[in-house]
Amino acid sequence: MSGFEVVQPPEDSISCLKFSPESIPQTFLIGTSWANDIRCWEIEDSGKSVPKAIKTHDAPILSACWSQDGTKVFTASCDKTAKMWDLQANQFVQIAQHDAPIKTIHHIVRPNYSCVMTGSWDKTLKFWDLRSPTPLGVIQLPERCYCADVNGPMAIVSGANRFIKVYNLDNKPQEVKSIESPLKYQHRCVSIFLDKNKNPTGFALGSIEGRVAIQYVDTPNPKDNFTFKCHRSQQTGTSQPQDIYAVNDIAFHPIYMTLATVGSDGKFSFWDKDARTKLKSPDLSGDQPITCCAVDARGKIFAYALSYDWHKGHEFNNPNKKNQIYLFDCAELKPKNRT
């Protein structure tokens, strides 16, 4: 599967891509956009995409996630609400409310509770049990929430002024630590990685300055943490200034724990964080930014979205440029010299 194009992409910038969980036999892809909609496609083994359904909010949708059992999808919107899409009943109902746009949404499943976590520009993190219009809990954040990730008992939340918070979700969400940012510029995306026993152990954090930090939450050796440059123009001569682009999204391979980064330069790269090497950086035209990406639960498909990310303002927006979603074979994410 190298470069299959997904049919009927959104009409405006694509904000989020997510594959269905391994708990369901088929592979579905959801995509959200600034055209206020969320779309769902079934991805066949051949790479063919089959459009299934569309739902809309009253404003752009910034993020979405699947429920663990694959029966529901949750959406976060600039209309200050989050909604639940019951795929079997095809119902779309509001489950959350904030005082500002909601930037992140995640489904949490722990042994003693399950809920949906929303992070907003109103500087709060809220937890919803879906049966009540009032949240189970509210955590005040130091600043606006820009990115978050949840995996098992761990949640990472980051935002304006480069704050990073680590939460333990067992029993109830509690802050474990606040981490000083290893990056000097605004954070754009975060993704949790697992250790060999499949426990969440750290995260990759991307910034607008073409740099990614690999950070372990608890490590006796600070040298385990490092940053690397990416999504920058190739320098031909020393006098040539380098173009530096935002890292828009990061996705880990579920088996190898290698990672993909996508950027405003319209390119994606695959990396092996353990060997600290680049695995692959296909030669794409780069004429449109890549806004988001995802790897499917079985580790076979890498999806990425080409659309304008507004990093140059509205005067560089070309409405005639088509938004595109491509599916790419994940074989290149396999680490070298590892069986």
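For the structure, see preceding data.
Remember, predicted model here, so these are calculated numbers, not experimental data. (Residues numbered from 1 in each chain as written. Predicted model: local features only at pLDDT ≥ 70, side-chain atom pairs only at ≥ 80, totals over all residues. Heavy atoms only, no water.)

Q: For this particular structure, what's the right way to read the overall build of the protein?
A: Summing up its helical and strand segments, the protein has 0 helices and 28 strands in all. Over its C-alpha trace the protein gives a radius of gyration of 19 Å, about what one expects of a compact globule, namely 20 Å for 339 residues. Projecting the C-alpha coordinates of the protein onto the three principal axes gives extents of approximately 60 × 50 × 45 Å. Across the 339 residues of the protein, 55% fall into the buried class. Carbon and sulfur atoms make up 46% of the accessible area of the protein, which totals about 15,600 Å². (Helix = DSSP H or I, 4+ residues; strand = E, 2+ residues; numbered from the N terminus. Rg over C-alpha atoms; globule rule 2.2 N^0.38 Å. Buried < 20%, exposed > 50% of the residue type's maximum accessible area, 1.4 Å probe, protein only. Areas by Shrake-Rupley, 256 points an atom, 1.4 Å probe, with all protein chains shown as cover.)

Q: Any chance you could explain the sheet that holds strand β13 (residues 137-140) here in plain terms?
A: Each strand in a sheet pairs with another by means of backbone hydrogen bonds, the pair being arranged parallel or else antiparallel. Strand order in the open sheet formed by 4 strands is β10-β11-β12-β13, with antiparallel pairing between adjacent strands. Two strands close off the open sheet at either side, each with one partner strand: β10 (102-110) and β13. Ignoring strand direction, the axes of neighbouring strands in this sheet form an average angle of 20°. Summarising the sheet, strand β12 (residues 124-128) and β13 pair through 4 bridges and their orientation is antiparallel. Along β13, the bridge assignment pairs Lys126 with Val138. (Pairing = 2+ DSSP bridges. Axes fitted to C-alpha atoms, helices over the stretch in contact; angles between N-to-C directions.)

Q: How do you make sense of the pairing of strand β23 (residues 259-263) when you look at a structure like this?
A: Buried residues dominate β23, accounting for 5 of its 5 residues. In the sheet, strand β22 (residues 247-252) pairs with β23 via 5 bridges, with the strands oriented antiparallel. Its bridge partner lying in β23, Phe252 is registered against Leu259. In this antiparallel pair of consecutive strands, β22 and β23, the connection spans 6 residues, and Met257 shows a positive phi of 60°. Strand direction decides the pairing type here: β23 and strand β24 (residues 268-272), joined by 4 bridges, are antiparallel.

Q: Would you mind going over the packing of aromatic side chains with me for this structure?
A: The relative placement of two aromatic rings is captured by the distance of their centres and the angle of their planes. Under the counting rule described, the total for this entry stands at 14 aromatic pairs. With a centroid separation of 5.3 Å and 35° between ring planes, the pair formed by Phe268 and Phe270 is classed as tilted. The exposure class of Phe270 is buried, given its relative accessible area of 0%. Each ring, one from Phe268 and one from Phe328, has its centre 5.1 Å from the other, and the planes form 70°; the classification is edge-to-face. With Phe268 in strand β24 and Phe328 in strand β28 (residues 324-329), this residue pair connects regions lying 60 residues apart in the sequence. Overall, Phe268 belongs to the buried group, its relative accessible area being 0%. By the ring-pair criterion, three or more aromatic residues cluster together here, those being Phe268, Phe270, Phe302, Tyr304, Tyr326 and Phe328. (Phe/Tyr/Trp six-rings, centres within 6.5 Å; stacked < 30°, edge-to-face > 60°.)

Q: Even after reading the chapter, I still don't get the pattern of salt bridges, so can you show me in this structure?
A: In total, this model carries 12 salt bridges according to the counting rule given. A salt bridge links Arg144 to Glu143; the nearest nitrogen and oxygen atoms lie 3.0 Å apart. Between Arg232 and Glu209 there is a salt bridge, with its nearest N and O atoms 3.1 Å apart. Of this pair, Arg232 sits in the loop between β21 (226-229) and β22 while Glu209 sits in the loop between β19 (200-207) and β20 (211-216); the two residues are 23 residues apart in sequence, bridging distant segments of the chain. (Salt bridge = Lys/Arg side-chain N within 4 Å of Asp/Glu carboxyl O.)

Q: Help me understand the environment of Thr277, please; the structure alone is not making it clear to me.
A: With respect to the secondary-structure elements, Thr277 resides in strand β25 (residues 277-280). What makes Thr277 partly exposed here is its relative accessible area of 37%. Here the alpha-carbon distance between Thr277 and Pro335, two residues 58 residues apart in the chain, equals 9.4 Å. Residues in contact with Thr277, not counting those within four places in the same chain, are Trp271 and Asp272. (Contact = heavy atoms within 4.5 Å.)

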